[in-house]
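As a plain string of letters, each chain reads:
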Amino acid sequence: MSLIVSDNSPINLLIRLGLEDILPAIYGQVVIPTAVAAEMSHPQAPLEVTNFIASPPSWVSIRSPVNPLHLPSLGAGEVAAISLAVEMNAELMIDESAGRLQAMSLGLLFTGAVGVLERAANENLLPDLATVHAAIRTMNFRVSGAVLDDSLARHLKHRSTSPP
């Protein structure tokens with residue numbers, strides 16, 4: 001197992017779906033930057049998210065980057081998450097396209113919430129990815145239907161070619 005550094009959007013979605021426990025099953029440890037923890041604690045954040053960050057589970061650690069990168073086009077949370085992923089040589093969980101482009105330019109391995117859910121389904125940690133995707137479609141979460149459709153198609157192909 002490894003660890004993953006998370007930006008706000010993906011962990012926020014997983015918590016709202018009630019599926020945050022797939023993270024330690026896949027990665028062991030999740031690092032949340034202090035700036036992201038502050039975003040998760042905001043009074044307008046969903047209650048389940050503020051409750052989660054107020055008393056994080058043992059598999060979550062909160063820390064700040066030692067040497068934050070200068071990435072003026074990104075928000076504080078994205079900068080901190082990318083900076084920590086670089087410092088810790090860790091995978092990054094990020095959804096925003098500008099942040100993903102920056103992560104790619106830095107050679108970081110990254111995924112988003114949909115990718116984590118697909119991986120969890122592929123590893124039999126989720127019984128029905130289609131139901132999870134249907135729930136996402138009803139939520140205030142910016143993801144295209146095509147991304148969800150492609151993820152489900154990849155998962156179904158994986159399932160059909162994997163031994164039982």
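Residues numbered from 1 in each chain as written. Predicted model: local features only at pLDDT ≥ 70, side-chain atom pairs only at ≥ 80, totals over all residues. Heavy atoms only, no water.

## Considering the pattern of salt bridges
Argument step 1. The full count for this structure, using the stated rule, is 3 salt bridges.
Argument step 2. The partner of Arg154 in a salt bridge is Glu118, with the nearest N and O atoms 2.7 Å apart. With a gap of 36 residues between them, Arg154 in helix H9 (residues 145-161) and Glu118 in helix H7 (residues 113-122) connect regions that are remote in the sequence.
Argument step 3. According to the relative accessible area criterion, Arg154 is partly exposed, its value standing at 46%.
Argument step 4. We note a salt bridge from Arg137 to Asp149, for which the minimum N-O separation is 2.5 Å. In this pair, Arg137 is assigned in helix H8 (residues 129-137) and Asp149 in helix H9, connecting sequence segments 12 residues apart.
Argument step 5. For Arg137, a relative accessible area of 45% translates into the label partly exposed. (Salt bridge = Lys/Arg side-chain N within 4 Å of Asp/Glu carboxyl O. Helix = DSSP H or I, 4+ residues; strand = E, 2+ residues; numbered from the N terminus. Buried < 20%, exposed > 50% of the residue type's maximum accessible area, 1.4 Å probe, protein only.)

## Looking at the nonpolar core
Argument step 1. In this structure, Ile11, Leu23, Ile32, Met40, Leu117 and Leu126 are the most contacted members of the largest nonpolar core, which totals 34 residues.
Argument step 2. Among the elements that line this core, the one with the most residues is H7, at 6 residues.
Argument step 3. When sequence neighbours within four positions are dropped, the list of residues in contact with Leu126 reads Leu19, Ile22, Leu117, Ala120, Ala121, Val132 and Arg159.
Argument step 4. Val31, Ile82, Leu84 and Leu92 belong to the second largest nonpolar core, which has 15 residues in total. (Core = buried A, V, L, I, M, F, W, Y, C linked by side-chain atoms within 4.5 Å. Contact = heavy atoms within 4.5 Å.)

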